[in-house]
Amino acid sequence: MRLDLAEGRTVEVALTSGQVHALTGSGAVRLSPAATPGRWRVAADTNKVGVVRVGRGSDEVEVRIRPKLPVARLLFLLGYARRLNWRPEQVGVEEHPDLLPALAAAFARAAERALRQGPLQGYQYCEEALPVVRGRIRVVDQVRRRHGLLLPVEAAFDDFTVDTAENRLLLAAARRLLRLPGVPAPTRSALRRLQTRLAGVAPLVPGRPLPAWHPSRLNTRYHTALGLAEVILRGGSVELAPGPVRVDGLLVDMAAVFEDFVTAALAEALARYGLRVRPQDRRHALDVAGRVRIRPDLVVEDHTGRTVGVADAKYKAERPGGFPDADLYQALAYATALGLPEAHLVYAAGDEQPARHTVRNAGVELVCHALDLAAQPDSLLTQVRAVADKVAGPLVGGHAASG
């Protein structure tokens, strides 16, 4: 069975008890009984888009959640926030209207370019029992494990190999995509070729953290492919092979994508004023004792390190029961704790409208901005620069920076 959902929408379908059990444990959708027995209202989990396959046999369900945004815009947000620096012709996103095929095609093309000169090699520290001496002998291990025998030799050495963190990430992303439904045949062929080229690279161990890699001159050609690989591998996908429920998929959290984009784009725009941004700043507390911690999405500092601004990115307005203006209360708390005259809330357009609220008896301004994510990239970045102008305005007399 296949369910096609749109972000933020609900459908009503007939489901078996096995399908209800599988979907409930997937973390991808929310279920509620419909008025008709045997039918259920199914809604995509908050802010999630992508594809997930759950259940086994006749109870298997494939769920596809389409984003509100065109896929090309979504991949621009991902690429900008992660500094992947791709161009539309590089990733071919216009060829695919759905997220997973577009993301898979983008990764396959980027990985093919990365490996055009051959797999990246590097030195890896190894400890092995060898028939000959290589590197240095681990004397303590030799005595403890071999009890006076000369061979094999417990050795430690640096091996020049293709089994690097960068190649492990590419291989893992390729293998993940090949297990997912909806990847087109040409892209699957490219991913299989990628696996062949990465022979000798060890697969990642499920459940362990992704291997760390650091940008350098040597791995420059890998940067875009690695950024996409991390999007794929961190995409909320889970694999539960044993047990009654199997879940395979790739889900992207739109709220996290929006937050990452706003942080990166606003930091770049504020740099024109000589200001810098601390994302997810954990250094501050609401109370004097420091027990109530706060963590704004963006804390703005001047060149001396003095806090001069604060902003929070909100993909959707938070309206928990009884607190319809929770975002404003949060922004007021940030401004008060940081001793600032104003705080900024940056929304995705459609959920909130631009507004300015002056808090009674506090003199604090709460400024709401709305970004049209469906706009062309240049237009969207212009909107972000306009937000930066307002954030920096009180600090520079409201005049735009030059350059």
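Quick caveat, the model's predicted, so the values are computed rather than measured.

Asks: Sorry if this is basic, but what is going on with the packing of helix 2 (residues 71-81) against helix 9 (residues 254-270) here?
Replies: Packed helices, taken two at a time, are described by their axes: the angle between them and the distance between them. The contact between helix 2 and helix 9 brings their axes to 8 Å, and the two run at 55°. Between helix 2 and helix 9, the angle is such that the two are oblique. Classified by chirality, the crossing of helix 9 by helix 2 is left-handed. Across the interface between the two elements, Leu74, Phe76, Leu77, Leu78, Tyr80 and Ala81 from helix 2 touch Met254, Val257, Asp260, Phe261, Ala264, Ala265 and Glu268 from helix 9. Broken down by class, the residue content of the contact of helix 2 with helix 9 amounts to 11 nonpolar, no polar and 2 charged.

Asks: What is the right way to look at the sheet that holds strand 15 (residues 307-314) in this model?
Replies: Hydrogen bonds along the backbone pair up the strands of a sheet, which may run parallel or antiparallel. Overall, mixed pairing links the 6 strands, which are arranged 11-14-15-16-18-17 in an open sheet. The strands lining the two open edges of the sheet, one partner per strand, are strand 11 (276-279) and strand 17 (355-358). On average, each strand axis in the sheet is inclined to that of its neighbour by 20°, with strand direction left out of account. Where strand 16 (residues 342-348) lies against strand 18 (residues 365-371), 7 bridges are found, and the strand directions are parallel. Bridging across to strand 18, His344 finds its partner in Val367.

Asks: Hey, could you run me through the sheet that holds strand 4 (residues 39-44) in this one?
Replies: With antiparallel pairing, the 3 strands of this open sheet are ordered in space as 2-4-3. One side of each edge strand has no neighbouring strand; the edge strands of this open sheet are strand 2 (10-14) and strand 3 (29-33). Strand-to-strand twist of the sheet, defined as the mean angle between neighbouring strand axes without regard to direction, takes the value 30°. Relative to strand 4, strand 3 runs antiparallel, the two being bridged by 5 bridges. Looking at strand 4, one finds that Arg30 is bridged to Ala43.

Asks: I keep staring at the pairing of strand 16 and nothing clicks. Help me out?
Replies: The side chains of a regular strand alternate, residue by residue, between the two faces of the sheet. Within strand 16, 7 of the 7 residues are buried, which leaves the element mostly enclosed by the surrounding structure. Burial along strand 16 is two-sided: the residues Glu342, His344, Val346 and Ala348 and Ala343, Leu345 and Tyr347 are all buried. Strand direction decides the pairing type here: strand 15 and strand 16, joined by 4 bridges, are parallel. Bridge pairing in strand 16 links Ala313 to Val346.

Asks: For this particular structure, what's the right way to read the pattern of salt bridges?
Replies: Side-chain pairing between opposite charges can occur once the charged atoms of the two side chains come close. Here the structure, examined in full by the defined rule, presents 19 salt bridges. Between Arg144 and Asp141 there is a salt bridge whose closest N-O contact spans 2.6 Å. Of this pair, Arg144 and Asp141 are both found in helix 5 (residues 139-146), 3 residues apart, which corresponds to roughly one turn of the helix. Residue class for Arg144 comes out partly exposed when judged on its relative accessible area of 47%. Between Asp312 and Lys314 there is a salt bridge; the shortest N-O distance is 3.3 Å. There is no split in this pair, since Asp312 and Lys314 are both buried. A network of salt bridges, in which partner residues are shared, links Arg138, Asp141, Arg144, Arg145, Arg146 and Glu154.

Asks: It is not clear to me how unusual backbone geometry should be interpreted in this structure. Could you clarify?
Replies: Excluding glycine, most residues fall at negative phi; most peptide bonds, likewise, are trans. Phi is positive for Gln280, which is not a glycine, with a value near 50°. Structurally, the position occupied by Gln280 is in the loop between strand 11 and strand 12 (284-285). Judged by its relative accessible area of 24%, Gln280 falls in the partly exposed class.

How each quantity is defined
- Residues numbered from 1 in each chain as written.
- Predicted model: local features only at pLDDT ≥ 70, side-chain atom pairs only at ≥ 80, totals over all residues.
- Heavy atoms only, no water.
- Axes fitted to C-alpha atoms, helices over the stretch in contact; angles between N-to-C directions.
- Helix = DSSP H or I, 4+ residues; strand = E, 2+ residues; numbered from the N terminus.
- Parallel < 35°, antiparallel > 145°, perpendicular 65-115°, else oblique.
- Left-handed = near helix turned anticlockwise from the far one by under 90°.
- Contact = heavy atoms within 4.5 Å.
- Nonpolar A, V, L, I, M, F, W, Y, C, P; charged D, E, K, R; others polar.
- Pairing = 2+ DSSP bridges.
- Buried < 20%, exposed > 50% of the residue type's maximum accessible area, 1.4 Å probe, protein only.
- Salt bridge = Lys/Arg side-chain N within 4 Å of Asp/Glu carboxyl O.

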